[in-house]
Amino acid sequence: MAGFRSLSTGLRALRPGAFGADPRGERMARIRRSPHFKDGVFQNPGGPARTRPSGSTLDFAKVFFDKETRPRRSPKGTVPVHSTTLADIARPPATGLRLTWMGHSSVLAEIDGHRVLFDPVWGERCSPFPFAGPKRLHPVPLPLAALGPVDVVVISHDHYDHLDMPTIKALAGTDTLFAVPLGVGAHLEQWGVSADRLRELDWHETTNIGGLALTATPARHFCGRGLRNTQHTLWASWVVAGEEHRIYHSGDTGYFEGFKEIGAEHGPFDTTMIQIGAYSDFWPDIHMTPEEGMRAHLDLQGGPEHGPMLPIHWATFNLATHPWADPGEGTVAAARAVGARVALPRPGEPFEPTAGTVPSEPWWRGVAFAPAGGFPAGEALADATIKTASDTAAVAQTDTVSDGRGGTAKGTEDPETLPAG
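Keep in mind it's a predicted model, so treat the numbers as computed, not measured.

## As for the overall build of the protein
- A tally of helices and strands in the protein yields 10 helices and 15 strands.
- The buried share among the 421 residues of the protein stands at 55%.
- Summing over all exposed atoms, the protein offers an accessible surface of approximately 17700 Å²; the carbon and sulfur share of this is 55%.

Here you go:
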């Protein structure tokens, strides 16, 4: 028996620290009491979701190793990162709401005098190992230490491209609080965050931090960091509401009808941050295409006349087999088709969603491989969508008056063989 104990101890010593920790004790007991936990795992809304590539290994390998398409999964030039400075984010936003997309799903939201940091990933790779795994395709816009104080860090789930151990360890030495889905707190405690700084929520639960109300809302995804995918940590989207503004961050999710319910209960929003990258026919249930992302945005907003959508979860890491520029192009096309406003900031470029204009240039076209026939010639996206959205709002207002009801509805690495997030 001593030999077996020695082997077990040795295997634990080889376990990367980035694997984090499994929930235990009262944390695990609380998980078991969750209405969304059944048969030993968390359940997805809308029924079971495929969390592994579907189809045959041969079919996937043909796509993965295709010599024609592989180069298009990365930019051909240097990604134009906005050189964010402390001065950019030191001035209070004129409208009370400002977003700075740091790349992938990392967003600094300054809302009603508070600072919220979503899914911060400052690491070079989204991987448990510093020498392997998807590598950054552009640098972070500014060092984490230059970000200044953050009131609360919000984590959507525990995949490596959303929960980064080096980043959390750096933030553990600050005064910030952490809002996380059920079970995720075990990882953070393992990395040095004290239990009194954790706010661990099930779906539909709310915590109040300062003047903000943060609500964990459903998403259609999965979890897991180690060799065993136990499904003992929850995934979530998030609603953050201040005194004047409210925003939504999707985390990672497949499309599901629940967006309409979230919008009806918490919306409309001054802006939504929606996952539109790393999608594939091999895992259609757990990530949205740009078209599905726009559909989710409209569900959340009740129509195109409300705040803009910020596309996230793309451009920073190579996590799927689609061309690098396709999420951006697909979002532009989807926005034009429905007359919705969409913000297209460069990584690190602050903007105010409720201002008269938002960044609208398809900045990626200068460094992406062009599709056959080239990129579509385009008028300014903001002008087109603002006009269409204004026309839509005017029609809606006319309808409201006429029907007498009153009011309105509220590196260049190849991807891994499994989706990293």
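On we go.
## Here's the deal with the nonpolar core
- Ranked by internal contacts, the top residues of the largest apolar core, which has 67 residues, are Val116, Phe118, Leu214, Trp238 and Trp324.
- When neighbours within four sequence positions are excluded, phenylalanine 118 is seen to be in contact with Ser105, Ser106, Val107, Ala109, Val154, Trp238, Val240, Ile247, His249 and Met273.
- The next biggest cluster of nonpolar side chains, apart from the first, holds 39 residues, and it includes Phe19, Leu144, Ala172 and Val193.

## A word on the sheet that holds strand S7 (residues 177-181)
- Read across the sheet, 7 strands follow the order S8-S7-S6-S5-S4-S3-S15 without closing on themselves; strand pairing throughout is mixed. Looking along the sheet, the strands with just one partner apiece sit at the ends: strand S8 (198-201) and strand S15 (350-351).

## Topic: the packing of helix H7 (residues 258-266) against helix H8 (residues 290-301)
- Axis separation between H7 and H8 bottoms out at 6 Å; the angle between their running directions is 35°. As for how H7 packs across H8, the hand of that crossing is right-handed. Between H7 and H8, the residues in contact are Phe259, Lys260, Ile262 and Gly263 and Ala296, Asp299 and Leu300, respectively.
- Of the residues contributing to the contact of H7 with H8, the split by class is 4 nonpolar, 1 polar and 2 charged.

## Describing the pattern of salt bridges
- All chains considered together, the criterion is met by 9 salt bridges.
- In this structure, arginine 27 and glutamate 200 form a salt bridge, with 3.0 Å as the shortest nitrogen-oxygen distance. Within this pair, whereas arginine 27 is found in helix H2 (residues 25-33), its partner glutamate 200 is found in strand S8, the two being separated by 173 residues in sequence.
- Here arginine 98 and glutamate 110 are joined by a salt bridge, their closest N and O atoms 2.8 Å apart.

## What about the confidence of the model for the protein?
- On average, residues of the protein score 86 in pLDDT, and 84% of them are at 70 or above.
- Within the model, the stretch residues 1-13 combines pLDDT values under 50 with 0 contacts to residues more than four positions away or in other chains.
- Confidence over residues 382-420 falls short of pLDDT 50; this stretch has 61 contacts with residues more than four positions distant or in other chains.

## Brief notes about the pairing of strand S10 (residues 212-217)
- Along S10, 5 of the 6 residues are buried, which leaves the element largely enclosed by surrounding structure.
- Sheet topology note: the strand S9 (residues 206-209)/S10 ladder contains 4 bridges and is antiparallel. Paired with threonine 206 across the strands is threonine 215, a residue of S10.
- Turn length for the S9-S10 hairpin, with the two strands adjacent in sequence and antiparallel, is 2 residues, and the turn residue glycine 210 shows positive phi of about 60°.
- Pairing geometry for S10 and strand S11 (residues 237-241), over 5 bridges, is antiparallel. Across the sheet, residue alanine 213 finds its bridge partner in S11, namely alanine 241.

## Regarding the sheet that holds S11
- Across the sheet, which stays open at both edges, the 6 strands sit in the order S9-S10-S11-S12-S13-S14 with mixed pairing between neighbours. Pairing within the sheet leaves two strands with one partner each, and these edge strands are S9 and strand S14 (309-312). On average, each strand axis in the sheet is inclined to that of its neighbour by 15°, with strand direction left out of account.
- Bridge count between strand S13 (residues 271-275) and S14: 4 bridges; the pairing is parallel. In the strand pairing of S14, threonine 272 is matched with methionine 309.
- Packing of H8 onto the sheet brings it into contact with strand S12 (246-249), S13 and S14, and relative to S13 it is tilted by some 150°.

## A word on the environment of valine 63
- Looking at where valine 63 falls in the secondary structure, it is placed in helix H3 (residues 57-64).
- Between the C-alpha atoms of valine 63 and histidine 322, which are 259 residues apart in sequence, the distance is 9.7 Å.
- Other than its neighbours up to four places away in sequence, valine 63 contacts Thr69, Arg73, Phe282 and Thr321.

## Examining the environment of histidine 287
- Its place among the elements puts histidine 287 in the loop between S13 and H8.
- Expressed as a C-alpha distance, the spacing of histidine 287 and arginine 220, which sit 67 residues apart in the sequence, is 8.2 Å.
- For histidine 287, the side chain forms a polar contact with the side chain of aspartate 252, separated by 3.2 Å.

## Section: the pairing of S14
- Alternating residues of S14 divide into Met309 and Pro311 and Leu310 and Ile312, and every residue in both groups is buried.
- Crossover connection from S13 via H8 to parallel S14: handedness right-handed.

## Side note on the packing of aromatic side chains
- This structure, assessed with the given rule, holds 13 aromatic pairs.
- Their ring planes at 75° and their centres at 5.1 Å tell us that phenylalanine 37 and phenylalanine 42 sit as a pair that is edge-to-face. One exposure class covers both phenylalanine 37 and phenylalanine 42, and it is buried.
- Look at tyrosine 248 and phenylalanine 269: their rings are 5.7 Å apart centre to centre, the planes differ by 40°, and that puts the pair in the tilted class. Here phenylalanine 269 lies in the loop between H7 and S13 and tyrosine 248 lies in strand S12, a separation of 21 residues in the sequence.
- Classification of phenylalanine 269 by relative accessible area gives buried; the value is 3%.
- Members of the aromatic cluster, connected to one another through ring pairs, are Trp101, Trp314, Trp324, Trp363 and Trp364.

Cut-offs used in this document
- Residues numbered from 1 in each chain as written.
- Predicted model: local features only at pLDDT ≥ 70, side-chain atom pairs only at ≥ 80, totals over all residues.
- Heavy atoms only, no water.
- Helix = DSSP H or I, 4+ residues; strand = E, 2+ residues; numbered from the N terminus.
- Buried < 20%, exposed > 50% of the residue type's maximum accessible area, 1.4 Å probe, protein only.
- Areas by Shrake-Rupley, 256 points an atom, 1.4 Å probe, with all protein chains shown as cover.
- Core = buried A, V, L, I, M, F, W, Y, C linked by side-chain atoms within 4.5 Å.
- Contact = heavy atoms within 4.5 Å.
- Pairing = 2+ DSSP bridges.
- Axes fitted to C-alpha atoms, helices over the stretch in contact; angles between N-to-C directions.
- Left-handed = near helix turned anticlockwise from the far one by under 90°.
- Nonpolar A, V, L, I, M, F, W, Y, C, P; charged D, E, K, R; others polar.
- Salt bridge = Lys/Arg side-chain N within 4 Å of Asp/Glu carboxyl O.
- pLDDT = per-residue confidence, 0-100.
- Polar contact = N/O pair within 3.5 Å; in protein donor to acceptor, adjacent residues only side chain to side chain.
- Right-handed = clockwise from strand over helix to strand, strands pointing away.
- Phe/Tyr/Trp six-rings, centres within 6.5 Å; stacked < 30°, edge-to-face > 60°.

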